[in-house]
Amino acid sequence: MSVSAQVIPGGYDHDFFDPPNDLECPICMLVLRDPHLISCCGNHFCGNCISRVKLEGKNCPICNLPGFSVLLDKGLQRSIGELQVFCANKDRGCTWVGKLSKLQDHTASTGRAKHGCKFEVVECSQGCGEKYQRRFMREHLTKVCSCRRYMCNYCDYESLYEDVRRNHWPVCLNYPVACPNQCEVGTLARRELEKHLMEDCALENIECEFSYAGCKTKIKRKDMATHMNDSSLKHLSQLSEVSLSLLQSMHKKEEQISELKRENQALKQEFGTLKTVHENEKTALENTVKSLEAQLNPVPPFSFTMTNFEEHKRAGDRWFSPSFYSHPG
């Protein structure tokens, strides 16, 4: 096919049951599509092929005459439409053979052929980018496509399958996970794993119940009973050492408490002495202040007090304050 025929489709490039060599376009060398009869030499060309020649102002490709005219040959067009062709997907397994005029109905996914050729390779309509033969696409859309809507099998979370697989399942609390110790429990919900390892897993390494007494053994939970039985004397010895150490520590603490009590009593006595000294000094200071005030202010006070004021008032008594001076001297 020429370069220009690749840019704009020329003739039919199909696999014909009986290739019609006498119906080839002289320009694109393919079976005529929309055959047009040329006025100058009477040859036939594809509609697109000869239209490009006229648009470019060139002469007839066969007889080289200028100013030719063209006309659609509908009779030849019908004859070409009756030619038998194979489906373009023959190599993929399609066995369809039919008229060229019916090929579009067989391969198209719209119009009268609602599903198109089942062997046609099409791209997923959900946007994952995968391509499959149309006959396999339904299974892909419902069971395989990473962009299909999907609800988690273990909870109510729903999203695209790829989101569920990559982001949700690694954190889903109901997702089944295997015990990391590969014990007989098999799988269990992720939310139960921590409790299983802490309390139940027979293959989990755990510390001896007497670890507080100094036993450093750490073995599988299933072997702990045997260890406890075989190490009973060792554990008793360790408990004795711990008890002795605790008694010694307790005695030491008691001595420390007694010492603190003595120190506390001494501090109390010292505080009492300081308090007495303080009170004596406070009294002496107050007396000194009063004495100094008496020396600096020898005049009598500038106020006096009368008792039974209301009775004197009703009786009409007259009264006078004691004499006083506005300043000394």
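The rules behind these values
Residues numbered from 1 in each chain as written. Predicted model: local features only at pLDDT ≥ 70, side-chain atom pairs only at ≥ 80, totals over all residues. Heavy atoms only, no water. Salt bridge = Lys/Arg side-chain N within 4 Å of Asp/Glu carboxyl O. Buried < 20%, exposed > 50% of the residue type's maximum accessible area, 1.4 Å probe, protein only. Helix = DSSP H or I, 4+ residues; strand = E, 2+ residues; numbered from the N terminus. pLDDT = per-residue confidence, 0-100. Contact = heavy atoms within 4.5 Å. Pairing = 2+ DSSP bridges. Axes fitted to C-alpha atoms, helices over the stretch in contact; angles between N-to-C directions. Core = buried A, V, L, I, M, F, W, Y, C linked by side-chain atoms within 4.5 Å. Phe/Tyr/Trp six-rings, centres within 6.5 Å; stacked < 30°, edge-to-face > 60°. Lys NZ or Arg CZ within 6 Å of the ring centre and 35° of its normal.

## Some words on the pattern of salt bridges
Then, in step 1: Going through the model one piece at a time under the given rule, you end up with nine salt bridges.
Then, in step 2: A salt bridge links Lys58 to Glu56; the nearest nitrogen and oxygen atoms lie 3.0 Å apart. Considered together, Lys58 and Glu56 belong to a single accessibility category, that of exposed residues.
Then, in step 3: With a shortest N-O distance of 2.4 Å, Glu162 and Arg166 are connected by a salt bridge. Taken as a pair, Glu162 and Arg166 lie in helix 6 (residues 161-168) at a separation of four residues, close to a single helical turn.
Then, in step 4: According to the relative accessible area criterion, Glu162 is partly exposed, its value standing at 22%.
Then, in step 5: In the salt-bridge network here, residues are joined through shared partners; they are Glu162, Arg165 and Arg166.

## So, the confidence of the model for the protein chain
Then, in step 1: For the protein chain, the mean per-residue pLDDT works out to 87, and 89% of the residues sit at or above 70.
Then, in step 2: Confidence drops under pLDDT 50 across residues 1-7; counting only partners more than four residues distant or on other chains, this segment forms nine contacts.

## Here we look at unusual backbone geometry
Then, in step 1: One non-glycine residue, Met29, lies in positive phi territory at about 60°.
Then, in step 2: Looking at the secondary structure, you find Met29 in the loop between helix 1 (3-7) and strand 1 (36-38).
Then, in step 3: With a phi angle near 55°, Gln182 is a residue other than glycine that sits in the positive phi range.
Then, in step 4: Within the secondary structure layout, Gln182 lies in the loop between strand 10 (176-178) and strand 11 (187-189).

## Here's the deal with the sheet that holds strand 1
Paired through backbone hydrogen bonds, the strands of a sheet run either parallel or antiparallel to each other.
Then, in step 1: The sheet built from three strands is open, its strands ordered 2-1-3 with antiparallel pairing. Strands at the two margins of the open sheet, each flanked by one partner only, are strand 2 (44-45) and strand 3 (70-72).
Then, in step 2: Sheet analysis places strand 1 next to strand 3, joined by three bridges and oriented antiparallel. Pairing of Ile38 across the sheet is with Val70, part of strand 3.
Then, in step 3: Here helix 2 (residues 47-55) sits on the sheet and contacts strand 1, strand 2 and strand 3; the angle it forms with strand 1, its principal contact strand, is near 45°.

## Focus on the nonpolar core
Then, in step 1: Residues Phe16, Cys25, Ile80 and Leu100 are the most contacted members of the largest nonpolar core, which totals 22 residues.
Then, in step 2: Per element, the largest residue contribution to this core is three residues, and it comes from helix 2.
Then, in step 3: In this structure Cys25 touches Leu30, Leu32, Phe45, Cys46 and Cys49, once residues within four positions along its chain are discounted.
Then, in step 4: If you look at the next biggest cluster of nonpolar residues, it comprises seven residues, including Val177, Cys183, Leu193 and Cys201.

## A closer look at the packing of aromatic side chains
Then, in step 1: Enumeration over the complete set of coordinates arrives at seven aromatic pairs.
Then, in step 2: Aromatic pair Trp169 and Tyr175: ring centres 5.6 Å apart, planes at 40°, arrangement tilted.
Then, in step 3: By relative accessible area, which is 25% here, Tyr175 ends up partly exposed.
Then, in step 4: Consider the rings of Phe210 and Tyr212, whose centres lie 6.1 Å apart with planes at 25°: the pair is stacked.
Then, in step 5: We note Lys90 situated over the ring of Phe86; from NZ or CZ to the ring centre the distance is 4.3 Å.
Then, in step 6: Directly above the ring of Tyr161 sits Arg148, whose terminal nitrogen or CZ lies 4.2 Å from the centroid.

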